[in-house]
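These are the residues of each chain, in order.
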Amino acid sequence: GRYRPMKTRKTTRETIRNRYMAVLTTVIAISSFGLAAPPNKASRNDWQQPDRVVVDLGLKEGASVADVGCGSGYFTFRLSKAVGPKGKVLATEISDRGLKAVADRAKKEKITNIQTIKSDPKKTKLAANSVDAAIIVNVLHHVKKEDRVELVKDIAAAIKPGGSFFILDWRMKAGISHDKNHRVRRDVLIGYAEGAGLKLDAEFFYLKNQVFLRFNKPAKK
């Protein structure tokens, strides 16, 4: 009565062992598959490191900064936090869709220090000497080659003497598929800025896919 036959106990042990081995085999198979599977593609936040980039812009609270070719505001809202409520972000863009996306989000989140500006391919529509800094990220390679010099000169004119201009654009050998046939060499990017009267005064090397250049607009003598 109280004891199960030895045969039944043996059968139970074998069943448990078989189940254990089946589970173990499945776990090993899954692990092996995981090791062999290709890694997920990195998101823009991974390779762009936007928060670190914004820190390296050195913006002070209350500063004014232009986000040239802002798109849908990837950097705009980070810049907004960096300069604080007393600062100003002038987000320029030729796309009505991009400007609407920025304006709608700013309204929804009750952000009051962002101003959107409809610009032209060669003109930002920024007032002369109106911003402490300007940043242009992955935009210049989209601009027609014959328009780039004029656009950079227009941006330089909008920066106050002593202010900074930051260019971030693809490295020629960036390990990413975007814009492979439209990339601009680092020395050419520098030439555009220097031709507009700006001086290269720093370069950051931690972005694996982009050059990150800082230029200074000399103060008036």
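Since the model is a prediction, treat every value here as computed from it, not as a measurement.

S.K.: Could you give an account of the sheet that holds strand β7 (residues 210-216), naming the residues involved and the relevant values?
M.R.: Across the sheet, seven strands lie side by side as β3-β2-β1-β4-β5-β7-β6; this open sheet has mixed pairing. If you trace the sheet from one side to the other, it starts and ends with β3 (114-118) and β6 (199-204), each paired once. Neighbour-to-neighbour, the strand axes of the sheet open up by a mean angle of 20°, direction not taken into account. Relative to β7, strand β5 (residues 159-170) is paired through seven bridges, and the arrangement is antiparallel. Opposite Phe166, over in β7, you have Arg214 as the bridge partner. The sheet contacts of helix α7 (residues 186-195) involve β5, β6 and β7, and relative to β7 the element is tilted by about 20°.

S.K.: Could you give an account of the packing of helix α3 (residues 50-57) against helix α4 (residues 76-83), with specific residues and numbers?
M.R.: Contact pair α3 / α4: the axes reach a minimum separation of 10 Å and the direction vectors enclose 45°. With respect to α4, the element α3 is oriented oblique. You can see that α3 and α4 cross each other, and the crossing is right-handed. Note on element contacts: α4 touches α3 through Arg78, Leu79 and Ala82, opposite Pro50, Asp51, Val54 and Leu57. Considered class by class, the residues forming the contact of α3 with α4 number five nonpolar, no polar and two charged.

S.K.: Explain the packing of aromatic side chains to me, using residue names and the numbers behind them.
M.R.: Applying the stated criterion across every chain yields a total of seven aromatic pairs. On the basis of an interplanar angle of 55° and a centroid distance of 6.4 Å, the ring pair of Phe166 and Phe212 is categorised as tilted. With Phe166 in strand β5 and Phe212 in strand β7, this pair connects stretches of sequence that are 46 residues apart. On the basis of relative accessibility, which here comes to 0%, the residue Phe212 falls in the buried class. When the ring of Phe204 is compared with that of Phe212, the centres are 4.4 Å apart and the planes differ by 35°; the resulting orientation is tilted. Above the face of the Tyr206 ring, Arg52 is positioned so that its terminal group lies 3.6 Å from the ring centre.

S.K.: Now, about the pairing of strand β1 (residues 64-68): what can you tell me, with residues and values included?
M.R.: Of all five residues making up β1, five are buried, and the element is well covered by its neighbours. With burial as the criterion, each face of β1 is covered, one bearing Ser64, Ala66 and Val68 and the other bearing Val65 and Asp67. With five bridges joining them, β1 and strand β2 (residues 88-93) adopt parallel strand pairing. Following the sheet pairing, Asp67 is matched in β2 by Ala91. With respect to chirality, the unit in which β1 leads through α4 into the neighbouring parallel β2 is right-handed. As paired strands, β1 and strand β4 (residues 131-137) are joined by four bridges and run parallel to one another.

S.K.: I'd like a description of the nonpolar core, backed by residues and values.
M.R.: By size, the foremost hydrophobic cluster in this structure holds 28 residues, and its most contacted members are Ile136, Leu140, Ile155, Phe165, Ile167, Leu189 and Phe215. Looking at this core, the elements with two or more residues in it are β1, β4, α6 (145-158), β5, α7 and β7. Top element by residues in this core is α6. It accounts for five residues. Here Ile155 is in contact with Val68, Thr124, Ala134, Ile136 and Phe165, once residues within four sequence places are set aside. Core analysis: the next-biggest nonpolar cluster, separate from the first, contains 27 residues, Leu57, Phe75, Val83 and Val102 among them.

Quick notes on the rules
- Residues numbered from 1 in each chain as written.
- Predicted model: local features only at pLDDT ≥ 70, side-chain atom pairs only at ≥ 80, totals over all residues.
- Heavy atoms only, no water.
- Pairing = 2+ DSSP bridges.
- Helix = DSSP H or I, 4+ residues; strand = E, 2+ residues; numbered from the N terminus.
- Axes fitted to C-alpha atoms, helices over the stretch in contact; angles between N-to-C directions.
- Contact = heavy atoms within 4.5 Å.
- Parallel < 35°, antiparallel > 145°, perpendicular 65-115°, else oblique.
- Left-handed = near helix turned anticlockwise from the far one by under 90°.
- Nonpolar A, V, L, I, M, F, W, Y, C, P; charged D, E, K, R; others polar.
- Phe/Tyr/Trp six-rings, centres within 6.5 Å; stacked < 30°, edge-to-face > 60°.
- Buried < 20%, exposed > 50% of the residue type's maximum accessible area, 1.4 Å probe, protein only.
- Lys NZ or Arg CZ within 6 Å of the ring centre and 35° of its normal.
- Right-handed = clockwise from strand over helix to strand, strands pointing away.
- Core = buried A, V, L, I, M, F, W, Y, C linked by side-chain atoms within 4.5 Å.

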